[in-house]
Amino acid sequence: MSKLAFPLFVACAALLAGCGKSEPSSAPATSAASSVAADGVRVLELTGNDQMKFNVTQLEAAAGETVRLVLRNVGSLPKAAMGHNVVVLKKGVDPMEFSIAAAAAAATEYFPTARSGDTIAHTRLIGPKEKAEVTFTVPTEPGEYPYICTFPGHTAAGMRGVLIVK
């Protein structure tokens with residue numbers, strides 16, 4: 001089995017194994033609440049689960065604002081089968097094209113470094129009960145910026161959303 005096919009096989013097997021299991025908040029909400037950290041930076045929080053879903057499909061931020069994006073993996077399947085990250089793409093970048101490039105980037109935790117110019121921010125890949133965060137400046141141009149999980153098969157399964165910049 002090729003290096004690319006194995007993660008896809010594992011992800012499919014994990015998805016099938018998870019059928020019938022329930023997790024709290026498995027249905028994604030439209031938008032997330034935010035908080036302000038002690039350093040004054042606004043915090044946006046996402047969770048990823050074993051059903052390959054983010055808990056929210058829409059985040060909002062002001063143009064030019066500094067935000068801290070926090071991702072928590074609330075699942076229980078191992079990182080090799082169900083790792084999660086969040087990658088915020090620039091406006092106009094096709095999420096599916098980016099995720100296809102990411103699937104071939106196992107050595108860099110499914111982040112295609114050759115396409116880093118297509119991104120605004122990204123977290124590292126995390127396993128169950130782990131957290132990752134990234135602080136970044138939101139683009140100054142209002143609009144919609146997609147965010148995705150680049151673990152093989154996750155974007156196609158619906159693990160994506162949009163950052164609305166106002």
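As a starting point, this report considers the structure included with it.

Observations concerning the side chain of T119
The topology assignment puts T119 in strand β6 (residues 119-122). Among the polar contacts made by the side chain of T119, one reaches the main-chain carbonyl oxygen of S116 at a distance of 2.7 Å. Discounting chain neighbours no more than four positions away, the residues touching T119 are V87, V88, L89, K90, F98 and F111.

With respect to the environment of Y145
Note that Y145 resides in strand β8 (residues 143-148). The residues contacting Y145, other than those within four sequence positions of it, are V88, L89, K90, K91, I120, P139, G161, V162, L163 and V165. Engagement of the side chain of Y145 in a polar contact is seen with the backbone oxygen of E141, the distance being 2.7 Å.

Re the packing of aromatic side chains
With the rule as written, the count across this model stands at three aromatic pairs. Between Y110 and F151 the ring centres are 5.2 Å apart and the planes differ by 70°, which places this aromatic pair in the edge-to-face class. Taken as a pair, Y110 in the loop between α3 (95-103) and β6 and F151 in the loop between β8 and β9 (160-165) lie far apart in primary sequence, 41 residues in all. Of the two residues examined, Y110 and F151, each falls in the buried class.

Comments concerning the sheet that holds β9
Spatially, the five strands line up as an open sheet ordered β3-β9-β8-β5-β6, and their pairing is mixed. Looking at strand neighbours, the two that pair on one side only are β3 (58-61) and β6, the edges of this open sheet. Averaged over all pairs of adjacent strands, the angle between strand axes in this sheet comes to 25°, irrespective of strand direction. In the sheet, strand β5 (residues 87-89) pairs with β6 via three bridges, with the strands oriented antiparallel. For V87, the partnering residue across the bridge sits in β6 and is H122. Most of the contacts of α3 go to β8, to which it runs at about 30°, and overall it touches β5, β6, β8 and β9.

Conventions we followed
- Residues numbered from 1 in each chain as written.
- Predicted model: local features only at pLDDT ≥ 70, side-chain atom pairs only at ≥ 80, totals over all residues.
- Heavy atoms only, no water.
- Helix = DSSP H or I, 4+ residues; strand = E, 2+ residues; numbered from the N terminus.
- Polar contact = N/O pair within 3.5 Å; in protein donor to acceptor, adjacent residues only side chain to side chain.
- Contact = heavy atoms within 4.5 Å.
- Phe/Tyr/Trp six-rings, centres within 6.5 Å; stacked < 30°, edge-to-face > 60°.
- Buried < 20%, exposed > 50% of the residue type's maximum accessible area, 1.4 Å probe, protein only.
- Pairing = 2+ DSSP bridges.
- Axes fitted to C-alpha atoms, helices over the stretch in contact; angles between N-to-C directions.

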